[in-house]
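Letter by letter, the chains look like this.
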Amino acid sequence: MGNKQVVDVYIKIINIWVFAVLLILNLCSIIASGKFDLGFNQTAFHMPTVQFKLIEICLVSILLIVNIITIVKDSSIIKKIMALERIKMNKYQKEIDLQYKVLEKIASLYDSSVKCTNEKSEFFYNMSHELKTPITVILGAIQLIEQNKVPLQYDRRKSSKHITTIKQNCYRLLRLINNMLDMSRIESGYIKSNLVNCNIVYLIEEICQSVIPYAAQKSITLEFDTMEEEIITAVDVDKIERIILNLLSNAIKYTNPGGKISVMVSGKANKVEICVKDTGIGIPKDKQKSVFERYQQVDSSLTKGIDGCGLGLSIVKSFVELHGGSIKVKSEPNVGSEFHITLPVKHVETSCCNTSNCVKDNQRRIIEAINIEFSEIYQIAAENSIHVVNPAAINR
């Protein structure tokens, strides 16, 4: 039995005794008054009035005090119970809030999952279309070559044209496959960089010079400018080429004939800043935050008839971040877009490359990279029409 129960028992006993004594006193007073003849000496029960009243007042006071104590005790108990109830209510409220947050998170995850599923479905639809188009063209070209295999009717020029078409569409397929492989490596964390110290100003300038024939085919002016003649920093040359070529191919693709593309390189506070600016169709403001996300494309009336799978800029951002840099876009519809890349200047210990071997390798690499990246836009350019990179100036 607890302390509370013991106290309650004592209080009840006191109340009973007080009531019993009051009852006895009143009974004695009635008997002493002689109103009822009980057959014995009733005067023995007589008690002076003052004493009777005094005892009665004392007993009533005791009864009152005991009940006040009971009320106070009960009120404190009630307060404790209410406090405990409030604690329980707060606990239940926190549990409800937590469950609500969990439900909100589940709903958010569900929405994200649905969005991701829709994006992937759209991506696979676009990718299927992108893969089907060059395959169809390749098959058509092969069929035309097969029809012209009769010696008397054999036309070398037509066959050469068909072979060029096949080669261009093979480059398109290779570009799509490379993008999918790169995205897979990025998602799995297996992407690596092969850093070498090079003059990034010269590297970007040579890439721009190599792209000029492609821009000229669409009557687009491509300009390169720099605030620094030389900035030596450690970069992955292949990935820098992919970054610049992707931005330039997008600029050419979305810029109308007669437009202008500018590439600016500058150095500031141990950083390299690269800006690719065009006078193209621009990007709507509500799409600018998502252009670097996977499977995202600018879907508007301005881009109708322009294919793409929505991986290019996502890969560009990953390659920039692989160098420890950042990329952001500023654009206005029907005015143009600006892509700003910031890379840290750093150096690594590398062995010097054999110049005689590098010249030939770099020539082939940049020609191949341009042909792959620009395969959706133009016919393949002949190697002698492409400006040659001098690797001796790059790898210093």
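All values reported here derive from a predicted model rather than from experimental measurement. Residue numbers here run from 1 along each chain, matching the order of that chain's written sequence. Two thresholds apply to this predicted model, a pLDDT of at least 70 for residue-level local features and 80 or more for giving and counting side-chain atom pairs, whereas whole-chain, interface and lining totals are computed over all residues. Side-chain figures throughout are based on the complete set of non-hydrogen atoms in the structure, without hydrogens or water.

Quick look at the nonpolar core
Inside soluble globular proteins, nonpolar side chains tend to come together where they are buried. Of all hydrophobic cores here, the largest spans 54 residues; its most connected members are I200, I204, V211, I243, L248 and I274. Contact definition: two residues touch when any of their heavy atoms are within 4.5 Å. Sequence-distant contacts of L248, defined by excluding residues within four places in its chain, comprise I207, C208, V211, L222, I261, V263, V276 and F374. Nonpolar cores are built from buried Ala, Val, Leu, Ile, Met, Phe, Trp, Tyr and Cys residues. Side-chain atoms within 4.5 Å join them into one set. Any residue under 20% of the maximum accessible area for its type is buried, any over 50% is exposed, and the rest in between are partly exposed; the area is computed with a 1.4 Å probe on protein chains only.

Some remarks on the packing of helix α5 (residues 237-253) against helix α6 (residues 312-322)
Helix axes use the C-alpha atoms of the stretch in contact, all axes being lines fitted to C-alpha atoms, and the angles between their N-to-C directions lie in the range 0 to 180 degrees. By definition, any uninterrupted DSSP run of H or I lasting at least four residues is a helix, any uninterrupted run of E lasting at least two residues is a strand, and each is numbered from the N terminus. For the pair α5 and α6, the least separation of the axes is 10 Å and the interaxial angle reads 145 degrees. The element α5 and its partner α6 pack so that their crossing is left-handed. Residues K239, R242, I243, N246, L247 and N250 of α5 pack against G312, L313, I315, V316, F319, V320 and L322 of α6. Asp, Glu, Lys and Arg are counted as charged, while Ala, Val, Leu, Ile, Met, Phe, Trp, Tyr, Cys and Pro are counted as nonpolar; the rest, among them Gly, fall into the polar class. Here the residues of the contact of α5 with α6 are counted per class, giving eight nonpolar, three polar and two charged. Here is the rule for handedness: rotate from the far helix to the near one, and if that takes an anticlockwise turn smaller than a right angle the crossing is left-handed, while a clockwise turn gives right-handed.

Structural notes on the sheet that holds strand β7 (residues 336-344)
Here we have five strands laid out as an open sheet, ordered β2-β4-β5-β7-β6, and mixed in their pairing. Edge positions in the sheet fall to β2 (221-226) and β6 (326-332), since each has one partner strand and no second. Across the sheet, the axes of successive neighbouring strands diverge by a mean angle of 10 degrees, strand direction being ignored. Where strand β5 (residues 271-278) and β7 come together, eight bridges link them in antiparallel fashion. Within the sheet, the bridge partner assigned to I274 lies in β7 and is I341. The pairing criterion for strands is at least two bridges between them, as found by DSSP.

Observations concerning a nonpolar patch on the surface
Excluding any residue in a salt bridge, patches collect residues exceeding 30% relative accessible area, merging like charges within 9 Å and nonpolar Val, Leu, Ile, Met, Phe, Trp and Tyr side chains within 5 Å. Each accessible area is a Shrake-Rupley estimate made with a 1.4 Å probe; only the visible protein chains count as cover when residues are assessed. A carboxyl oxygen of Asp or Glu within 4 Å of a side-chain nitrogen of Lys or Arg is what we treat as a salt bridge. A grouping of V9, Y10, I13, W17 and V21 is seen on the molecular surface, where their side chains present a nonpolar patch of about 500 Å² in accessible area. Structurally, I13 can be placed in helix α1 (residues 3-32).

Description of the pattern of salt bridges
Oppositely charged side chains may form a pair once their charged atoms are brought near each other. Evaluated as defined, the whole model comprises six salt bridges. Here R185 and D182 are joined by a salt bridge, their closest N and O atoms 3.2 Å apart. Residue R185 and its partner D182 are located together in helix α3 (residues 156-188), separated by three residues, close to a single helical turn. Residue classification places R185 among the partly exposed residues on the basis of a relative accessible area of 36%. One salt-bridge network, in which partners are shared between bridges, spans D182, R185 and R242.

Let's talk about the confidence of the model for the protein chain
One number per residue, pLDDT, summarises how confident the predictor is, and it ranges from 0 to 100. Confidence along the protein chain averages 77 in pLDDT terms, with 76% of residues attaining 70 or more. A low-confidence stretch, residues 300-306 stays under pLDDT 50, and its non-local contacts, those more than four residues away or across chains, total seven contacts. With pLDDT under 50 throughout, residues 379-396 is counted as low confidence; its partners more than four residues away or in other chains account for 47 contacts.

Quick look at helix α4 (residues 200-217)
By this rule the span expected of a helix is its residue count minus one, scaled by 1.5 Å. If you check α4, its first and last C-alpha atoms are 27 Å apart, about what 18 residues at 1.5 Å a residue would give, namely 26 Å. We define the bend at each residue as the angle formed by axes fitted to the 7 residues ending at it and the 7 residues starting at it. Where α4 bends most, at V211, the angle is about 35 degrees, and the proline P213 comes one to four residues later. Listed in full, the buried residues belonging to α4 are I200, V201, Y202, L203, I204, E206, I207, C208, S210, V211, Y214 and A215. The positive-phi residue at the C-terminal boundary of α4 is S219, with phi of around 60 degrees.

Some remarks on the environment of P284
Its place among the elements puts P284 in the loop between β5 and α6. Residue P284 is classed as buried on the basis of its relative accessible area of 19%. In this structure, the C-alpha to C-alpha distance between P284 and E332, residues 48 residues apart in sequence, is 6.6 Å.

Observations regarding α6
Along α6, eight of the eleven residues are buried, which leaves the element largely enclosed by surrounding structure. Listed as buried for α6 are G312, L313, S314, I315, V316, S318, F319 and V320. Positive backbone phi, approximately 80 degrees, marks G324, located one or two places after α6.

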